[in-house]
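A closer look at the structure
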Amino acid sequence: MTKKLLILLAFVPLLLMGCNASGSNLYEFDNSKLKEQVKDQEFQPELPSKLPLENMKASFSEIPDQADVQTFDFFTNGEGNNNHLELLVVNKKASSSNIKFEEVEIGDLKGQYAINDEKAQILRWKENNLEYTLTYYGQQSDKELSKEDLIETAKSFE
């Protein structure tokens, strides 16, 4: 009996590690430079702390005469490694679309997911009067991402 118990106890940590794995392949992302760039803007959105692709670079763009919109681009580039993920954040203004979205859960939040005609994956949600739209341009990219990859990325926002 004690041998079986010892063997069982030896496997419990392995089982627990397997249960804690989210199944996604996200990579840590230091968002501090982006947060610094937006600190003087009209609003400061949450930004991802994890991204679905490794070694992504990021840029922030202001849209002239639209202080209520911020755009962030996350990208990798190089031979055989071109990927583009875009984040659009809109302050206090709902957007509309002809795309049919499906309801998804992003942690405690409700969101919407769709793939448009250009094969771009779109995940959008609202939090604290801001509307977030995360778009992965799969047709222009070298790596395929899953819906779960985008949802896990959204969960990492801080």
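Residues numbered from 1 in each chain as written. Predicted model: local features only at pLDDT ≥ 70, side-chain atom pairs only at ≥ 80, totals over all residues. Heavy atoms only, no water.

Describing the packing of aromatic side chains
- The tally for this structure, following the rule as stated, stands at five aromatic pairs.
- With a centroid separation of 5.1 Å and an interplanar angle of 35°, the aromatic rings of F60 and F72 are classed as tilted. You can see F60 sitting in strand β3 (residues 57-62) and its partner F72 sitting in strand β4 (residues 69-76), a full twelve residues away along the chain.
- Of the aromatic side chains, those joined through ring pairs into one cluster are W125, Y132 and F157.
- The cationic tip of R124 hangs over the ring face of F101; the distance from NZ or CZ to the ring centre is 3.9 Å. (Phe/Tyr/Trp six-rings, centres within 6.5 Å; stacked < 30°, edge-to-face > 60°. Helix = DSSP H or I, 4+ residues; strand = E, 2+ residues; numbered from the N terminus. Lys NZ or Arg CZ within 6 Å of the ring centre and 35° of its normal.)

So, the nonpolar core
- Among the nonpolar cores identified, the biggest contains 28 residues, and F72, F74, L85, L87, L123, W125 and L150 are the most heavily contacted of them.
- For this core, the elements supplying multiple residues, two or more each, are α2 (32-38), β4, β5 (83-91), β6 (102-106), β8 (120-127), β9 (130-137) and α3 (147-155).
- When residues of this core are assigned to their parent elements, the largest contribution, four residues, is made by β9.
- Setting aside its immediate chain neighbours within four residues, F74 contacts F29, L34, P48, L51, M56, K57, A58, N83, H84, L85 and L87. (Core = buried A, V, L, I, M, F, W, Y, C linked by side-chain atoms within 4.5 Å. Buried < 20%, exposed > 50% of the residue type's maximum accessible area, 1.4 Å probe, protein only. Contact = heavy atoms within 4.5 Å.)

Here we look at the pairing of β4
- A large share of β4 lies buried, amounting to seven of its eight residues.
- Across six bridges, β3 lies against β4 in antiparallel orientation. When the bridges of β4 are listed, S59 appears paired with D73.
- Hairpin remark: β3 followed by β4, antiparallel, with six residues in the connecting loop; positive phi at D65, about 65°.
- One ladder, built from eight bridges, connects β4 with β5; its direction is antiparallel. Among the inter-strand pairings, T71 is bridged to a residue of β5, identified as L88. (Pairing = 2+ DSSP bridges.)

Considerations on the pattern of salt bridges
- For the structure on display, the rule yields five salt bridges.
- In this structure, K39 engages E36 in a salt bridge whose closest nitrogen and oxygen atoms are separated by 2.8 Å.
- Since its relative accessible area comes to 46%, E36 is described here as partly exposed.
- Put simply, K155 and E152 hold a salt bridge, and the shortest N to O gap is 3.1 Å. Residue K155 and its partner E152 are located together in helix α3, separated by three residues, close to a single helical turn.
- By relative accessible area, K155 is classed as partly exposed at 44%. (Salt bridge = Lys/Arg side-chain N within 4 Å of Asp/Glu carboxyl O.)

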